[in-house]
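So the chains spell out like this:
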Amino acid sequence: MITNNNTWQRALLLPRYYEKNAHSIAGLSSQFQIKKFQLGHDPDLIDETTSPPGLRTFDTSLNQLANVFYEAPFKPGDIVFANGRLLFKCVMPEGAIAAPAKYSLTGLIDQEDDLIAISLDLPDWVTPTEGVRIHPYINFPIG
């Protein structure tokens, strides 16, 4: 549990990200690719006993997000590598959901439908009349 509220966003590559890359490099599996993203909310990851709320630690063995309200494949041009950074353009267009949804999680999903990276933010509401643009990224080299 977080003991202070200095962390308002957490992002991490899950262990399966490294394992799948290693298998791909060694020729033990097909090429590893991130294919889609999901948006969701997990109230168990938000500590609302303090003001402002804090973030709890995500269990890295989990393979799916809670309360997914939107999922989409990446389109050509949505994943960009430049200046040592791999940027993912996660866009939920206006009108994509029918009812308001609480948002706190962004997940990156590979070609085998495995969750390989997650971003946890303080919760916010998204509505049918607004779009959402989230840009998670991976810096290289990963250290």
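The structure contained in this document is the topic of the report that follows. (Residues numbered from 1 in each chain as written. Predicted model: local features only at pLDDT ≥ 70, side-chain atom pairs only at ≥ 80, totals over all residues. Heavy atoms only, no water.)

Regarding the packing of aromatic side chains
Piece 1. All chains considered together, the criterion is met by six aromatic pairs.
Piece 2. Ring centres of phenylalanine 81 and phenylalanine 140 lie 6.0 Å apart, and the angle between their planes is 70°; on these two criteria the pair is classed as edge-to-face. Highlighted residues: phenylalanine 81 in strand β6 (residues 79–82) and phenylalanine 140 in the segment after β12 (137–139), separated in sequence by 59 residues.
Piece 3. A relative accessible area of 33% means that phenylalanine 140 is categorised as partly exposed.
Piece 4. Site record: aromatic cluster; members linked through ring pairs are Phe37, Tyr70, Phe74 and Phe88.
Piece 5. In this structure, arginine 85 packs its charged tip against the face of tyrosine 137, placed 3.7 Å from the ring centre. (Phe/Tyr/Trp six-rings, centres within 6.5 Å; stacked < 30°, edge-to-face > 60°. Helix = DSSP H or I, 4+ residues; strand = E, 2+ residues; numbered from the N terminus. Buried < 20%, exposed > 50% of the residue type's maximum accessible area, 1.4 Å probe, protein only. Lys NZ or Arg CZ within 6 Å of the ring centre and 35° of its normal.)

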